[in-house]
Each structure stands twice: as C-alpha cells, then as structure tokens.
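This is what each chain is made of:
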Amino acid sequence: MLKLYTDQNYLTPENRKIIFPLLFDLCYVLNSNLLEKYQIVSEIAHCDIVVVPIDIAHFDPGKSQQKLNDFINRALDLNKKVWLYSGGDYGQSLDANVYTFRLGGFDSKLNSNTFILPSFINDPYVFLSKEFRTLAKSQLPQLGFVGHASNAWSKTIKEFVLFLNYNFKRWTKTISTDYQAFYPSTSKRFQYLALLAKNTNIESKFIFRAKYRAGVKTEEQKNKTTAEFFENIEHNPYTFCMRGAGNFSVRFYETLAMGRIPFVIDTDFRLPLSDSINWEKHCIIAQEQHIEKTLIDFHKNISPEDFELMQVNNRKLWKTHLEREAYFLKIHTLFKTTIK
C-alpha cells in the first residue's frame, strides 16, 4: 500500500472538479479497489508520497507560486516523492524533482517525471445501451469523424485572438503554464479531413460541426449529438483523431474505449504509460505529409484476423489501463517498486 499525505483542507465539495484525480476516488466516491492500494495519512512524516491536493493553477495562482514552492520544498526536505496535477489544455511541468500528472504537452519538451493522464471518460457503450462488437475488415479503410472543423477565416482569427489573450495572461504571470505556439486546430482539422475525403481509396464518413459540440443548448440536443458522435465511432473501424487547443485528443480515448482504431496525427504528443504500452499496436500515428498513405498502407497490410483482434485489444486496453481506476492501479504498481 502507498501512503499519501495531502492538505485535507482542500478536499471540499467546491474542489471536486479540480482535485488531483486519484484523490477523487479516495475521498469523494471511495473506490474500494483503489483504497486497498492507497491510504491517506494525516502526518507527512508517515507518508510515501506527498500529493498537491488540487490543480496547481488553483492551488497557487500567485505570480511567484511561493505557496506551491513551500509545499513542495517541505516534502523534498523530508526526502518524500511529490505528485502534482496540472490540468487544462496547456498545463505546466515543474522541474525533475517532482512528478507531474497532466493531460498533454510536447513529448520532446517533457521530462521523464511527467506522466500523461488519459481523458477519464465514461463507457460510451453504457450511454448507447449497446454491447461491444468488432467490425470485419472491408476492402477500403472506413474512416469516421464527427466534430468541429472549419476552414473559415473567422474561426482562425477567433482562435488567434484567444491565443493572444491567453499568452498575455502568461506574460503578466496571471497564469502559469508551459508556452505553446499558435496552432489553428479547427482549420488544420478541416484541411486534413478534406484531403482524406477526396481520396477514392478511403471511405470517409464525416460529419462536420460548425461549432464545438454542435452548439447544443438543451439536454435533448446534447443527447442527440452525443449519440451521433458515438454511433459514428461504433460504425467505423477507424476514427480520425487530432489535437485541439491542447496537445491531446479526448476522441483518441473515446475511440479506444469503443474498441475502434484511432488514426491520429503526430503533433509531438506523449501518450499515457508509454513505457509499458506499445502504442503502435493500438493506433495509427501519421505524419502530416503522409496522412493518406499511412492509413491506406496500414489497412492493406493488416490481416482480417489481426484487424478484429486489434479492436478487441483496444477495448481491453481502455478497461485495463486507461479508465481512471485502472490507470491509478498501474501507477501504484509503478511507484510501489520505487518505494523502500
């Protein structure tokens, strides 16, 4: 069992949405499997790991981050390992003396103590009230996508204005996150999808949304568009996945959860548990200059048996490694071996 120390004053109902994700299952919903592996202790001297209780952007929004530094340094002075959570699209990794859990970032710039969190989603098949089934291999690769994609200049300008506003806050230290260059994800997504749609060797099943989540306003609209989204993934063996404002894709994890194959554009991302998961066996990662060829060649060379087996393994991978309970059970195994 790993013993964790945190500032329990932050474990309030108001902080549910910004809590370190593991603490959600230890303090709010009380996950029995995780409580067998982790224990929260009241004295820092008795712990194995010190956990910053909430997203560091909210724990210490000050310019100097002195409060955060004091919390971390107290733990390091006692030779304790430190875990912190940096949420949101951008996130922030501190130095190598601590372990950072975040949703995305650029692999080439992240240190070895940065752990990528999956997007913790509910099982899409529960929403659809259906059971998982594999799809047989067809002659042409069937590629699905439902989402926000547009080549309108107004969208790019809007994204750039948001980028400038966000970075003004960074420059004035109103917020502290890693820097990311401007990336017009909406237009880039449209550009790649249009290229794929024109290729007669690819069967594309795309539904373009003019707004994020189709601009839904009512619960009925939300349920309808969500069903369309998941049914598109269900009916197509491949789903196009690409980063948004942050360098990660929630759709990537939704595709795996449904036992389908993510077709993802390489944007220098890092995937979860990459030291123990051979991601080449679970997704197709394409360089932007070879998008069409990568998908076509993969589909041509995979056998019908391996095609369906890959779907089975992707559904299994999500259940055993990427669902929140499963992920932190793997993290427990990883860190338990390092605690003396």
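Parameters at a glance
Residues numbered from 1 in each chain as written. Predicted model: local features only at pLDDT ≥ 70, side-chain atom pairs only at ≥ 80, totals over all residues. Heavy atoms only, no water. Patch = residues over 30% accessible without salt bridge, like charges linked within 9 Å, V, L, I, M, F, W, Y side chains within 5 Å. Areas by Shrake-Rupley, 256 points an atom, 1.4 Å probe, with all protein chains shown as cover. Salt bridge = Lys/Arg side-chain N within 4 Å of Asp/Glu carboxyl O. Helix = DSSP H or I, 4+ residues; strand = E, 2+ residues; numbered from the N terminus. Pairing = 2+ DSSP bridges. Axes fitted to C-alpha atoms, helices over the stretch in contact; angles between N-to-C directions. Contact = heavy atoms within 4.5 Å. Buried < 20%, exposed > 50% of the residue type's maximum accessible area, 1.4 Å probe, protein only. Core = buried A, V, L, I, M, F, W, Y, C linked by side-chain atoms within 4.5 Å.

Asker: Describe a nonpolar patch on the surface, and please don't skip the residues or the numbers.
Answerer: Residues Trp153, Ile157 and Val161 make up a contiguous nonpolar surface patch of about 380 Å² in total accessible area. Along the chain, Trp153 falls in helix H6 (residues 153-171).

Asker: So what about the sheet that holds strand S1 (residues 2-5)? Which residues, and what values?
Answerer: As summarised here, the arrangement of the 6 strands in space is S2-S1-S3-S4-S5-S6, forming an open sheet in which the pairing is parallel. Bordering the open sheet on either side are strand S2 (38-40) and strand S6 (114-116), each of which pairs with just one other strand. With direction set aside, neighbouring strand axes in the sheet form an average angle of 30°. Pairing of strand S5 (residues 99-102) with S6, which is carried by 3 bridges, proceeds in the parallel orientation. Following the sheet pairing, Phe101 is matched in S6 by Phe115. Its contacts with the sheet place helix H4 (residues 66-77) against S1, strand S3 (49-51) and strand S4 (81-86), and it is angled at close to 155° to S4.

Asker: Can you tell me about the pairing of S4, naming the residues and giving the values?
Answerer: Of all 6 residues that make up S4, 5 are buried, and the element is covered over most of its length. Looking at chain direction, S3 and S4 are connected through 3 bridges and run parallel. Considered in S4, the bridge of Ile49 is made with Lys81. Where S4 lies against S5, 4 bridges are found, and the strand directions are parallel. Each bridged residue has a counterpart across the sheet, and for Tyr85 the counterpart in S5 is Phe101.

Asker: Summarise the nonpolar core; cite the residues concerned and give the values.
Answerer: Ranked by internal contacts, the top residues of the largest apolar core, which has 63 residues, are Tyr38, Trp83 and Ile331. Element by element, the count of residues in this core is highest for helix H1 (residues 21-28), at 5 residues. If we ignore the near neighbours within four places in the chain, the residues touching Tyr38 are Met1, Leu2, Leu4, Leu22, Leu26, Trp83, Phe328, Ile331 and His332. Core analysis: the next-biggest nonpolar cluster, separate from the first, contains 22 residues, Leu196, Phe263, Ile291 and Phe307 among them.

Asker: Please set out the sheet that holds strand S7 (residues 142-148) residue by residue, giving values where relevant.
Answerer: Pairing within the open sheet is parallel, and its 5 strands lie in the order S8-S7-S9-S10-S11. Bordering the open sheet on either side are strand S8 (203-209) and strand S11 (284-286), each of which pairs with just one other strand. Each strand axis lies, on average, 20° off the axis of its neighbour in the sheet, ignoring direction. In this sheet, strand S10 (residues 261-265) lies alongside strand S9 (residues 238-241) in parallel orientation, the contact comprising 4 bridges. Of the residues in S10, the one forming a bridge with Tyr238 is Ile261. Strands in contact with helix H9 (residues 250-257) are S7, S9 and S10; relative to S9, the strand with the most contacts, it is inclined by about 165°.

Asker: Explain the pairing of S1 to me, using residue names and the numbers behind them.
Answerer: One ladder, built from 3 bridges, connects S1 with S2; its direction is parallel. The partner of Leu2 across the bridge, within S2, is Tyr38. In this sheet, S3 lies alongside S1 in parallel orientation, the contact comprising 2 bridges. Paired with Tyr5 across the two strands is Val50, which belongs to S3.

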